[in-house]
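Here are the chains, one letter per residue:
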Amino acid sequence: MAGHSHFSPANVEEHFEFSSEGKKRIIYAFIAGLAALLLGIYLLSKGESGGHEVANAGHEAVKAGHEAAAEHVSGGAVSHQASAEEHYDWTNRIWANVWLNAVFFTGIAVVGMFFVSLQYLTKSGWSSVMKRVPEAFPKFLYITLPILIAVFFFKGDVIFHWMHHGVTEVGSENYDKIIAGKSGYLNKNFFLIRLVVFGGLWILLWKMLRKKSLEEDLNGGTEYFNQLVKIGTAFIVIFGASSSIFAWDWVMSIDTHWFSTMFGWYMFASWHVTTYAVIVLAILYLKDKGLMAYVNENHLHDLGKFMFAFSIFWTYVWFEQFLLIYYANLPEETIYFLERWEGHNKIYKTSEILMVLLNFFFPFLVLMTRDAKRTRLFLKIAAFMIIVGHYIDFYQMIMPGVVGKHGGYGLVEFGMVTVFAAAFIYIISDELTKASLVAKNHPFLPEALHHDI
Amino acid sequence: MSSTTNYILGVYDDEDEVLHAVSAVKAKGIKVEDVYSPFPIHGLDVAVGHARTRLPIAAFMFGSLGLVSALSLISYTMVFDWPINIGGKDYFALPNWIPVTFEGTVLFTAFGLVSTFCISNDLWPGNKTLPLDIRTTDDKFVMAINVDKNKVSAADIKKALKESGAVEVNVK
């Protein structure tokens, strides 16, 4: 009955076992993804668009690029498309996909830490039954941050216009005055310093939080809770700055000429709601296995409200960014949306529409009622669609600027996202086995076990 | 409450007691009309068996009305009645209208819901509703049982209330 849970902190400890069968299934998924990826790469190297581009690399491509730019930008703003064409090679799409997935999954991993920190900072009780699930997510940063560093180091000029050779050298044929003016911030060394320092701080604070949290399980006592509040607070302060900085660095600087003051929030909102969807799916998976019975429909209701609310929050920032640009109608700003709406033979228009449907209308209508947020099937469908929608959102942020008209949804995209997702599930499942699924000495656990809304 | 209604009131000292007492009294086949408390008690609405509120449905309808009203007003003024060229955009510039539409939706929902809530709870201005027991605004918890709506005799109801831990049993 509501308010009278038969669970108590003494009888809720349980461990997730990552069975060999489960491991096998994820490894098969990984291999299937890898096979699709390799087949996709093979087709790309042989495929019409790929071969065509290699054959025509040089003057014609440059010319075509300039024509495309002139066609799409009547206001006289220098288009990134022109530069993208000059440097296009069929392998670029592979690196763009690696970058896209690394950024997407870094977000899911780090927002797991953000969620736990936020619960400590606000001294929330209800979440203490399920905080071990998001607490495991940042383990994946060990995979994605090195990938980001490696791709940036070796293939940065593929992703970023500002890293193209000679764009900041006066007298070079590639010299670009606007980018040269931004080179104080956008240069290789400073970018790497930011990535390593903030990424390192994320991992360091997560390790501290995880250690204290596991010690609390063994020893109990409120001093652990107070220390965890401090670690969480420190993380929130650092994340407040670093999430915006990484949004500019990793995604916004791809379209180097363009800028938006909403972008930090926009990307954070996308990461944030995706992570709630992943948390919901992870918890429902564990519940379907008979674990976490103490997470009742009230907790799920709260998580559903988070998904619902932050879908609307994402829509708010996405739309505000669009509205300001639409209203002001300045050519150097509208280029971003023109490129996604009408540019590149309109190949990005469908996913732009689909993204808004999946990220706003779908969760808004499906998760609106109380009953839907308390029904597992509705939560699963909504969470899955939100993840797909926000993957497309990141696709829309990154792909047009990197590969332009050579983009598309092919085996490379599906293979790459499957590989990353399988790796994510494997690493997180493995991390979940290392601790009790419930923080049994969390001081607010009794409150959470009797959660009733 | 009209004076012709026949109420039996069990007065309790503690919110936990009244929560358990509701179940105990209901187990004897007695229909509980309502419980009055100085503050909200978790699980009490479920224990008493109140029907789910229909306010969310009203909220959705008021919101839809607000959305349609705002869109109608702005499209009538901006497209049909007095079209103005703003920055060379279409007269029907939907993105520009989203903030107004949003505000209209919220405004209609808020005013509509507050009015619906007040009307359905007899809370219009000037209305004086006397509490069954004034101490429920201070530190007492009162379970109200309508004798006329129960098949159980008044004497049995009083007995059941006493047994469930009521410190006083009053008739009103």
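Residues numbered from 1 in each chain as written. Chains lettered and ligands numbered in written order. Predicted model: local features only at pLDDT ≥ 70, side-chain atom pairs only at ≥ 80, totals over all residues.

### Overview of the overall build of chain A
No. 1: When its secondary structure is counted, chain A shows 18 helices and 0 strands.
No. 2: The C-alpha radius of gyration of chain A comes to 23 Å, within 12% of the 22 Å expected for a compact globule of 453 residues.
No. 3: Along the longest, intermediate and shortest principal axes, the C-alpha atoms of chain A span 75 × 40 × 40 Å.
No. 4: Across the 453 residues that make up chain A, the buried fraction comes to 47%.
No. 5: Within chain A, counting contacts between residues at least 6 apart in sequence, those at least 24 apart form 82% of the total. (Helix = DSSP H or I, 4+ residues; strand = E, 2+ residues; numbered from the N terminus. Rg over C-alpha atoms; globule rule 2.2 N^0.38 Å. Buried ≥ 20, exposed ≤ 12 C-beta atoms within 10 Å, placed from the backbone. Contact = placed C-beta atoms within 7 Å.)

### Quick word on the overall build of chain B
No. 1: Assigned secondary structure in chain B consists of 5 helices and 4 strands.
No. 2: Along chain B, helices (α) and strands (β) appear in the sequence β-α-β-α-α-α-β-α-β when read from the amino end.
No. 3: Taken over the C-alpha trace, chain B has a radius of gyration of 25 Å; the compact-globule value for 172 residues is 16 Å, which it surpasses by more than 25%.
No. 4: Across its three principal axes, chain B shows a C-alpha extent of roughly 80 × 30 × 30 Å.
No. 5: Considering only contacts in chain B between residues 6 or more positions apart, those separated by 24 or more positions represent 78%.

### Thoughts on the interface of chain A and chain B
No. 1: With 11 residues of chain A at the interface, the matching set in chain B holds 8 residues.
No. 2: When residues in the side of chain A that touches chain B are grouped by element, the largest group, 5 residues, is from helix α12 (residues 297–328) of chain A.
No. 3: Considered class by class, the residues forming the side of chain A that touches chain B number 7 nonpolar, 2 polar and 2 charged. (Nonpolar A, V, L, I, M, F, W, Y, C, P; charged D, E, K, R; others polar.)

### As for helix α16 (residues 376–402) of chain A
All names here are of chain A.
No. 1: Spanning 27 residues, α16 covers 39 Å between terminal C-alpha atoms, matching the ideal 39 Å at 1.5 Å per step.
No. 2: Along its length, α16 reaches its greatest deviation from straightness, about 30°, at Q396, and the proline P400 lies no more than four positions downstream.
No. 3: Of the residues trailing α16, G404 is marked for its positive phi of about 55°. (Expected span 1.5 Å × (residues − 1). Bend = angle between axes of the 7 residues up to and from the residue.)

### Quick word on the nonpolar core
As a rule of thumb, soluble globular proteins bury nonpolar side chains together.
No. 1: With 125 residues, the main nonpolar core has M307(A) and I398(A) as its most contacted residues.
No. 2: Discounting residues that sit within four places of it in the chain, M307(A) has contacts with V273(A), Y276(A), A277(A), V280(A), P363(A), L367(A), A382(A), A383(A) and I386(A).
No. 3: Counting 20 residues, the second-largest nonpolar core is a separate cluster that includes V18(B), L19(B), V22(B) and V32(B). (Core = buried A, V, L, I, M, F, W, Y, C linked by C-beta atoms within 7 Å.)

### Things to note about the sheet that holds strand β3 (residues 141–146) of chain B
Residue and element names in this part refer to chain B.
No. 1: Read from one edge of the open sheet, 4 strands run β2-β3-β1-β4, paired in antiparallel fashion. Each edge of the sheet is formed by a strand with only one pairing partner; in this case those strands are β2 (34–36) and β4 (168–171). Here the average twist between neighbouring strands, direction ignored, is 25°.
No. 2: Taken together, the 6 bridges between strand β1 (residues 7–12) and β3 define a ladder with antiparallel strand orientation. Among the inter-strand pairings, L9 is bridged to a residue of β3, identified as A144.
No. 3: The sheet strands contacting helix α1 (residues 15–27) are β1, β2 and β3, and the helix crosses β3 at an angle near 20°.
No. 4: Packing against the sheet, helix α5 (residues 154–163) makes contact with β1, β3 and β4, and its axis sits at approximately 10° to β1. (Pairing = 2+ DSSP bridges. Axes fitted to C-alpha atoms, helices over the stretch in contact; angles between N-to-C directions.)

### Remarks on helix α13 (residues 331–341) of chain A
No. 1: Looking at α13(A), one finds that the buried residues are E333(A), I335(A), Y336(A), E339(A) and R340(A). For α13(A), the angular spread of the buried residues around the axis is 150°, confining them to a single face. (Arc of directions from axis to C-beta.)

### Digging into the pairing of β1(B)
No. 1: Pairing analysis gives 4 bridges linking β1(B) to β4(B), with the strands arranged antiparallel. By the bridge assignment for β4(B), V11(B) is matched with E168(B).

### A few points about the packing of helix α5 (residues 92–121) of chain A against α16(A)
Residue and element names in this part refer to chain A.
No. 1: As a packed pair, α5 and α16 sit with axes 10 Å apart at the nearest point and diverge in direction by 145°. Relative to α16, α5 is oriented so that their crossing is right-handed. Along the contact surface, α5 presents N92, A96, W99, L100, V103 and F104, while α16 presents Y391, F394, Y395, I398, M399 and V402.
No. 2: Grouping the constituent residues of the contact of α5 with α16 by class yields 11 nonpolar, 1 polar and no charged. (Left-handed = near helix turned anticlockwise from the far one by under 90°.)

### Focus on the environment of R340(A)
Residues and elements named next belong to chain A.
No. 1: Counting through the fold element by element, R340 comes out in helix α13.
No. 2: Taking C-alpha positions, R340 is 9.4 Å from G401, a pair spaced 61 residues apart along the chain.
No. 3: The contacts of R340, once residues within four sequence positions are left out, are Y348, E352, Q396 and P400.

### Considerations on the environment of P138(A)
No. 1: In this structure, P138(A) sits in the loop between α6 (132–136) and α7 (141–159).
No. 2: Placed 24 residues apart in sequence, P138(A) and F114(A) show a C-alpha to C-alpha distance of 9.5 Å.

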